[in-house]
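Structural description and commentary
Each chain is listed here by its residues.
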Amino acid sequence: MSKHHEVVLHIENLSKDYQVGFLKKRTARALDHLSLDVRRGEIFGFLGPNGAGKTTTLKILMRLIFPTAGQACILGKALDDSAMRTRIGYLPENPYFYDYLSGRELLEYSAALFGIPKAAAHQRAAELLQLVGLDEERANRQMRKYSKGMLQRIGIAQALVNDPEIVFMDEPMSGLDPIGRREVRDLMLALREQRKTVFFSSHILSDVEAMCDRAAILSAGKLLRCGTVQELTGEEDAAFEVIAVGLNPETFAALSKALPYAAAIHLTPNGAHFILHDESRFADAIKAVQNLGGKVISINPKRASLEDLFAAAAPSSAVEASA
Ligand SMILES: Nc1ncnc2c1ncn2[C@@H]1O[C@H](COP(=O)(O)OP(=O)(O)OP(=O)(O)O)[C@@H](O)[C@H]1O
Ligand SMILES: [Mg+2]
């Protein structure tokens, strides 16, 4: 295998059952035979609606909980390899830090935990604060006075303190305003420039579509799809959106009659738009529109967005495995 395709995260048949219920104990399957590989240098989006099992997967990888079945390795090492742990970073879903520390103190303290000497730790903290956009005043403020967005930023900085080869982030954009989201996106791209691997969960699809090399879609604990954004969205049947102008509302009935092969016909103030699934119908459709006094002004391929796939994946809930 070439260096370029080096697998840095390998997940194989991972399953997790939680015990639920108090008097009547049952198990609920939160993760069901998940398998996937992530390669070095990728920004990998781990997508799924609420309750899909994203956090569960990340917690297993971080050894905060243990899988019911299956296995995973990071950087080619078993999850309990402590040397490997020093080469990865983690941003939890709802980072919680000791309130009375300042952001800067947290970073210096985290750096010390990784054995970074004091002067270097101070330097590292300063670099990270700048990277995530926390100025001097905010950096020195106690974290109990931080906004959600500031906590998220300090959490990201903390995940990078040891200059990890792979950083795992659970909903890194959560709590951020649009500018903050954009900054996190740019930060991820900067990490990729440095050949770092970013594995992050999200249910915010526009962010993912914009920058992920590949993504996996999880629903009710099961992997629905995995691939490049293009692969995920391009697999759908071909569809072309046709826009026509110069039609008046009275022609609607005639239009649907003249276009029996068109789907989703909608009127607009001065025309209509509809979907064709077959390229061989283009000429017929253009002619039919002309016959009604209108004109086709555009025919565009319509890609399914990740949003569409996501909608198809919902509704989700943990699969109840009766016990
Ligand atoms: N400690 C727990 N005990 C019982 N069930 C749990 C526990 N943690 C999670 N679950 C269930 O497992 C399923 C997956 O939850 P998980 O938190 O992994 O989803 P998620 O994809 O991270 O969702 P979200 O987008 O809301 O963060 C859900 O049905 C959830 O209710
Ligand atoms: Mg979660």
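Above this note sits the structure.
This write-up is about the structure you can find in this document.

1. Side note on the packing of helix 3 (residues 103–113) against helix 4 (residues 118–131)
Two quantities define a packed helix pair, namely the angle between the axes and the distance from one axis to the other. For the pair helix 3 and helix 4, interaxial distance at closest approach is 9 Å and the crossing angle is 130 degrees. Judged on the interaxial angle alone, helix 4 and helix 3 are oblique. Helix 4 is crossed by helix 3, and the crossing has right-handed handedness. Residue-level inspection shows Gly 103, Arg 104, Leu 107, Glu 108, Ala 111 and Ala 112 of helix 3 in contact with helix 4, the latter providing Ala 121, His 122, Arg 124, Ala 125, Leu 128 and Leu 129. Residues that form the contact of helix 3 with helix 4 fall into these classes: 7 nonpolar, 2 polar and 3 charged.

2. Points about the sheet that holds strand 12 (residues 263–268)
Here we have 4 strands laid out as an open sheet, ordered 12-13-11-14, and antiparallel in their pairing. Because the sheet does not close on itself, it has two edges, and the strands there are strand 12 and strand 14 (295–301). Between one strand axis and the next, the sheet turns by 15 degrees as a mean value, whatever way the strands run. Here strand 12 runs beside strand 13 (residues 271–276); their pairing, made up of 4 bridges, is antiparallel. Bridging across to strand 13, His 266 finds its partner in His 273.

3. Here's the deal with the nonpolar core
Ranked by size, the top nonpolar core spans 65 residues in total, and within it Leu 47, Ala 157, Phe 168, Val 198, Phe 199 and Ala 215 carry the most contacts. Residue contacts for Phe 199: discarding those within four places in its chain leaves Leu 9, Val 38, Phe 44, Phe 46, Ile 166 and Phe 168. Ala 244, Leu 247, Ala 262 and Ala 285 belong to the second largest nonpolar core, which has 12 residues in total.

4. Points about helix 11 (residues 282–291)
Buried residues of helix 11: Ala 285, Ala 288 and Val 289, and no others. End-on, the buried residues of helix 11 take up no more than an arc of 100 degrees, which puts them together on one face. The outward face of helix 11, more than 90 degrees from its buried face, is lined by the exposed residues Ala 283, Lys 287 and Asn 291. On its buried face, helix 11 is in contact with strand 11 (240–245), helix 10 (252–258), strand 13 and strand 14. A positive phi of about 90 degrees marks Gly 293, the residue just after helix 11.

Procedures and definitions
Residues numbered from 1 in each chain as written. Chains lettered and ligands numbered in written order. Predicted model: local features only at pLDDT ≥ 70, side-chain atom pairs only at ≥ 80, totals over all residues. Axes fitted to C-alpha atoms, helices over the stretch in contact; angles between N-to-C directions. Helix = DSSP H or I, 4+ residues; strand = E, 2+ residues; numbered from the N terminus. Parallel < 35°, antiparallel > 145°, perpendicular 65-115°, else oblique. Left-handed = near helix turned anticlockwise from the far one by under 90°. Contact = placed C-beta atoms within 7 Å. Nonpolar A, V, L, I, M, F, W, Y, C, P; charged D, E, K, R; others polar. Pairing = 2+ DSSP bridges. Core = buried A, V, L, I, M, F, W, Y, C linked by C-beta atoms within 7 Å. Buried ≥ 20, exposed ≤ 12 C-beta atoms within 10 Å, placed from the backbone. Arc of directions from axis to C-beta.

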